[in-house]
Amino acid sequence: MSDLSRRKFLRAAAVGAAVTPACSVAPAAAAPSVRVRRQSPIAVASSNGLEAVRIAVERMQAGMRPVDAAVAGVEVVENDPNDNSVGLGGLPNERGIVTLDSCVMDGPSGLGGAVAHLQNIKNPAQVALKVMRHTDHVLLVAEGALEFARAHGFREQDLLTDASRKIWLEWLEKRSSVDDWISPEENGEHGTEWFQKYKDKTGTIHLGAVDANGDVGSCTTTSGLAFKLNGRVGDSPLLGCGNYCDNDVGTGGSTGRGEACILVNGAAFTVHQMALGKSPTDACLETVKRVARMTRVARLLDAKGRPDFQVKFYATDKRGRAGAAAMYPGKFAVCDDSGPRLEDLAALFDSRD
Ligand code: GLY
């Protein structure tokens with residue numbers, strides 16, 4: 001027996017032993033999958049995903065699997081140098097390095113793949129898809145993720161555009177008066193309007209997809225929090241946090257302050273709320289409420305005691321319904337047989353005032 005077939009044989013024997021009941025009680029029957037009648041494919045995404053949801057639905061209508069359709073949809077945003085929260089042109093970390101995070105999940109197989117702190121590859125969602133399909137792992141990080149991407153033929157390029165580099169330099173110059181970086185204004189020159197705009201800047205695209213058979217797939221991809229500490233990873237590459245799906249229930253995902261989402265396992269919590277019977281919108285709202293309840297330290301609260309940040313959750317269910325909710329008002333993208341559109345999401349608080 002070759003090493004490989006021997007390994008497979010031993011593994012199969014071990015699995016067999018593990019599932020053989022120690023007593024004569026018959027194993028419980030597997031819960032039947034929920035089947036749905038054929039419906040229009042539907043995709044939900046963050047508001048920067050209007051074109052992405054259109055592409056995802058078009059691909060599903062042509063028979064593409066939801067997870068592949070989700071990755072095909074987000075690719076346009078990853079490739080867009082003008083979206084400075086995702087892929088090419090994403091704002092860098094505090095050292096001026098663009099690092100990307102992404103994960104994908106496939107409902108029918110229950111498998112997922114992810115990459116974190118990936119540099120020089122503009123389509124991390126496609127690398128995450130390869131991790132899911134070509135390895136026995138779920139998450140690859142940093143140099144290991146890059147080596148894996150290289151092995152699969154992904155092309156390396158500098159992801160820092162001139163526009164993103166200028167924003168990073170301005171941030172360096174303006175963030176502190178006690179270092180040696182000086183802004184033109186401090187030297188008496190006319191400067192550009194700025195700073196609050198990029199403080200706590202997060203972006204990201206999440207896309208959840210349901211096809212005509214009610215099979216689901218999902219993807220989240222981002223350059224993460226602008227000017228983050230080197231090594232910081234947000235919720236986007238973490239299955240259960242920035243993205244999750246369950247083929248018997250639906251999809252969930254998030255954008256916004258990743259730290260808040262990680263601390264409540266936002267995407268998995270959203271999907272679990274739908275499994276308990278909530279609609280996609282109500283499930284997202286429950287997750288937002290959980291974030292608000294779990295946010296307790298003063299530095300993260302505003303004068304009214306509300307979370308001083310935005311976080312958004314998106315969901316679809318197997319029946320082809322979509323919804324989204326956030327801490328504060330905003331929009332989300334959705335596409336079904338009526339075409340792509342932006343809609344208001346449900347907000348826990350009416351305004352940030
Ligand atoms: N939600 C994206 C991030 O915080 O990195």
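Refer to the structure above for everything that follows.
This text gives an overview of the structure that appears in the document. (Residues numbered from 1 in each chain as written. Predicted model: local features only at pLDDT ≥ 70, side-chain atom pairs only at ≥ 80, totals over all residues. Heavy atoms only, no water.)

## A short note on the site of the ligand
- Around the ligand sit Thr204, Gly224, Leu225, Arg232, Gly234, Asp235, Ser236, Gly256 and Gly258, and that is every residue in its neighbourhood.
- In the environment of the ligand, a nitrogen atom lies 2.7 Å from a nitrogen or oxygen atom belonging to the side chain of Asp235.
- A distance of 3.0 Å separates an oxygen atom of the ligand from a polar atom in the backbone of Gly258.
- For the ligand, whose accessible area on its own is 200 Å², the fraction buried by protein is 100%.
- Of the residues assigned to the shell around the ligand, the class counts are 1 nonpolar, 6 polar and 2 charged. (Near = heavy atom within 4 Å. Polar contact = N/O pair within 3.5 Å; in protein donor to acceptor, adjacent residues only side chain to side chain. Areas by Shrake-Rupley, 256 points an atom, 1.4 Å probe, with all protein chains shown as cover. Nonpolar A, V, L, I, M, F, W, Y, C, P; charged D, E, K, R; others polar.)

## So, a nonpolar patch on the surface
- Together, Val138, Leu139 and Val141 give the surface a local cluster of nonpolar side chains, amounting to about 230 Å² of exposed area.
- Residue position: Val138 is located in the loop between α4 (124-134) and β4 (139-141).
- Taking relative accessible area as the criterion, Val138 reaches 42% and is therefore assigned partly exposed. (Patch = residues over 30% accessible without salt bridge, like charges linked within 9 Å, V, L, I, M, F, W, Y side chains within 5 Å. Salt bridge = Lys/Arg side-chain N within 4 Å of Asp/Glu carboxyl O. Helix = DSSP H or I, 4+ residues; strand = E, 2+ residues; numbered from the N terminus. Buried < 20%, exposed > 50% of the residue type's maximum accessible area, 1.4 Å probe, protein only.)

## Some details on the sheet that holds strand β7 (residues 243-246)
- A sheet is described by the order of its strands in space; here 5 strands give the open sequence β7-β8-β9-β10-β13, paired in mixed fashion. Whereas interior strands pair on both sides, the edge strands pair on one side only; in this sheet they are β7 and β13 (346-347).
- Relative to strand β10 (residues 322-326), strand β9 (residues 311-317) is paired through 5 bridges, and the arrangement is antiparallel. Its bridge partner being in β10, Ala315 is matched across the sheet by Gly323.
- Each of β7, β8 (250-256) and β9 is contacted by helix α8 (residues 266-275), which is oriented at about 145° to β8, the strand it contacts most.
- Contacts between helix α9 (residues 280-294) and the sheet are confined to β9, β10 and β13, with β10 contributing the most and set at about 20° to the helix. (Pairing = 2+ DSSP bridges. Contact = heavy atoms within 4.5 Å. Axes fitted to C-alpha atoms, helices over the stretch in contact; angles between N-to-C directions.)

## Focus: the nonpolar core
- Membership of the largest hydrophobic core comes to 25 residues, with the highest contact counts inside it found for Val53, Val104, Leu207 and Cys219.
- Counting only elements with at least two residues in this core, the list comes to β1 (42-46), α2 (50-61), α3 (66-78), α4, β5 (205-210) and β11 (331-336).
- The element best represented in this core is α3, accounting for 6 residues.
- Ranked by size, the runner-up nonpolar core spans 20 residues in total, among them Ala260, Val264, Leu285 and Ala315. (Core = buried A, V, L, I, M, F, W, Y, C linked by side-chain atoms within 4.5 Å.)

## Considering the state of the cysteines
- Evaluated as defined, the whole model comprises 0 disulfides.
- Cys219 supplies the cysteine sulfur nearest to Cys103, a cysteine that is in no disulfide, at a spacing of 7.3 Å.
- With a relative accessible area of 0%, Cys103 lands in the buried category.
- Cys245 carries a free sulfur, and the closest cysteine sulfur to it, the one in Cys103, is 9.6 Å from it.
- The class of Cys245 is buried, set by a relative accessible area of 3%. (Disulfide = S-S within 2.5 Å.)

Purely spatial values, then, with no claim about function.
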